[in-house]
Amino acid sequence: MTDPVNLWVYLSTTPLFWLSLTIISYAVALRFARMLNSHPAANPILLASSLIIIVLLKTRTSYSAYFEGAQFVNFLMGPATVAIAVPIYRHRAVLRQVLVPMAGALFVGAIVAMISALGIGTLCGLPSELLIDLAPKSVTAAVAMALTKQMGGTPSITMLLVMFTGIFGAVVVTPLMNFLGIRNYAARGFAVGLTSHGVGTARAFSVSTVAGLFAAIAMGLNAVVTALILPWIVTLFLK
């Protein structure tokens, strides 16, 4: 009979094992979320991430070892983001009708997301390195990490902050919008896509196609706007 310890040593160093764990964890989390009728608190990404973290802690596995397998899932984020162009093209007639208010919401939302993060961080006495890591928290991970690296920050910390922002936004968006009395799915989707990037967009698509469409647009455009103006805003705060 195979020694369980030796078997685990072998599996823990195999990228396929961690890839399989990631996929299985998400499948289990998604099934559980559906059992709860997609309740905001039962966010599949939050549940799957929690399960994987527990496994990593219990097995004392480093993140770098885990990422050897999970990087294949991470690679698919690129094609998945590009695929969002399909629903945008299909609903282009609707988008033309709201182009002006959408542009206004985009610039205001992007600037507020950056300044609020930097302002709160400054009031809390965070060092400049952490302020750089915190600033791009509301854009998609690939863009956020690239910006952080360019400005001298730590991309891995930015990744954690981006994930936390996305999960938090996806969990609170539905009850928050209901509390504020915002029923328009275009507005709801645009708000969560702008502030909570891919995780929020996934949540929006699970609720409504219209919400998902506008969330995808907000996510993409916010990445562009943030990449253009974030270095300038960070420079002002760090002077």
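Residues numbered from 1 in each chain as written. Predicted model: local features only at pLDDT ≥ 70, side-chain atom pairs only at ≥ 80, totals over all residues. Heavy atoms only, no water.

Turning our eyes to something else, we now look at the environment of V225. Relative to the elements of secondary structure, V225 occurs in helix α13 (residues 209-238). Judged by its relative accessible area of 7%, V225 falls in the buried class. Measuring from C-alpha to C-alpha, the distance between V225 and V207 comes to 26 Å, with 18 residues separating the pair along the chain. Beyond its immediate stretch of four places on either side in the chain, V225 contacts L106, F107 and A110. (Helix = DSSP H or I, 4+ residues; strand = E, 2+ residues; numbered from the N terminus. Buried < 20%, exposed > 50% of the residue type's maximum accessible area, 1.4 Å probe, protein only. Contact = heavy atoms within 4.5 Å.)

What follows is about unusual backbone geometry. Negative phi characterises most residues that are not glycine, and trans characterises most peptide bonds. Its identity as a non-glycine residue notwithstanding, R60 has a phi of 55 degrees, on the positive side. Here R60 shows up in the loop between α3 (44-59) and α4 (63-75). The class for R60 is exposed, based on a relative accessible area of 80%.

Attention now moves to the environment of P127. Along the chain, the position of P127 falls in the loop between α8 (99-123) and α9 (128-134). The partly exposed category is assigned to P127, whose relative accessible area is 40%. For the pair P127 and L238, spaced 111 residues apart in sequence, the C-alpha to C-alpha distance is 9.7 Å.

Another point: the nonpolar core. The biggest cluster of nonpolar side chains holds 22 residues, and the ones touching the most others in it are L118, M151, F190, F214, I217, L230 and V234. Tallying contributions element by element places α13 first for this core, with eight residues. Those residues within four positions of F190 in sequence are excluded, and the remaining contacts are M102, A105, L106, F214, A215, I217 and A218. (Core = buried A, V, L, I, M, F, W, Y, C linked by side-chain atoms within 4.5 Å.)

Before going further, it helps to spend a moment on the side chain of T61. Inspection of the secondary structure puts T61 in the loop between α3 and α4. At 2.7 Å, the side chain of T61 forms a polar contact with the side chain of T59. (Polar contact = N/O pair within 3.5 Å; in protein donor to acceptor, adjacent residues only side chain to side chain.)

It is at 6 Å that the axes of helix α12 (residues 185-207) and α13 come closest, and there the two elements cross at 70 degrees. In terms of orientation, α12 lies roughly perpendicular with respect to α13. For the pair α12 and α13, the crossing hand works out as right-handed. Contacts between α12 and α13 involve Y185, A186, G189, F190, V192, G193, L194, H197, G198, T201, A204 and F205 on the former and, on the latter, T209, V210, A211, G212, L213, F214, A215, A216, I217, A218, M219 and N222. Considering only residue class, the contact of α12 with α13 consists of 16 nonpolar, eight polar and no charged. (Axes fitted to C-alpha atoms, helices over the stretch in contact; angles between N-to-C directions. Parallel < 35°, antiparallel > 145°, perpendicular 65-115°, else oblique. Left-handed = near helix turned anticlockwise from the far one by under 90°. Nonpolar A, V, L, I, M, F, W, Y, C, P; charged D, E, K, R; others polar.)

Looking now at the side chain of R203. The residue R203 is located in helix α12 in this model. Among buried charged residues, R203 stands out as having no salt bridge; its nearest opposite-charge side chain is D133, 29 Å away. Apart from the residues within four sequence positions on either side, R203 is in contact with S38, P40, A170, V173 and T174. (Lys, Arg positive; Asp, Glu negative; His and termini not counted. Salt bridge = Lys/Arg side-chain N within 4 Å of Asp/Glu carboxyl O.)

On to α12. Its 23 residues place the ends of α12 only 9 Å apart at the C-alpha level, less than the 33 Å of an ideal helix rising 1.5 Å per residue. The axis of α12 is deflected most strongly, by about 145 degrees, at H197. The N-terminus of α12 is capped by N184, whose side-chain oxygen sits 2.8 Å from the backbone nitrogen of A186. (Expected span 1.5 Å × (residues − 1). Bend = angle between axes of the 7 residues up to and from the residue.)

What follows deals with the packing of aromatic side chains. The tally for this structure, following the rule as stated, stands at two aromatic pairs. Here the aromatic rings of W18 and Y66 are separated by 6.0 Å at their centres, their planes lie at 80 degrees, and the arrangement is edge-to-face. Taken together, the positions of W18 in helix α2 (residues 15-35) and Y66 in helix α4 put the pair 48 residues apart, joining distant regions of the chain. (Phe/Tyr/Trp six-rings, centres within 6.5 Å; stacked < 30°, edge-to-face > 60°.)

Attention now moves to a nonpolar patch on the surface. Side chains of F107, I111, I115, F237 and L238 sit close together on the surface and give an oily, nonpolar patch of about 390 Å² of accessible area. Elements represented by at least two residues in the nonpolar patch include exactly α8 and α13. When residues in the nonpolar patch are grouped by element, the largest group, three residues, is from α8. Residue position: I111 is located in helix α8. (Patch = residues over 30% accessible without salt bridge, like charges linked within 9 Å, V, L, I, M, F, W, Y side chains within 5 Å. Areas by Shrake-Rupley, 256 points an atom, 1.4 Å probe, with all protein chains shown as cover.)

Right, let's get into the environment of S50. By the element assignment, S50 lies in helix α3. Exposure remark for S50: the relative accessible area of 33% places this residue in the partly exposed category. Sequence spacing of S50 and A29 is 21 residues, and the spatial spacing of their C-alpha atoms is 9.8 Å. Looking at S50, its side chain comes within polar contact range of the main-chain oxygen of L46, at 2.8 Å.

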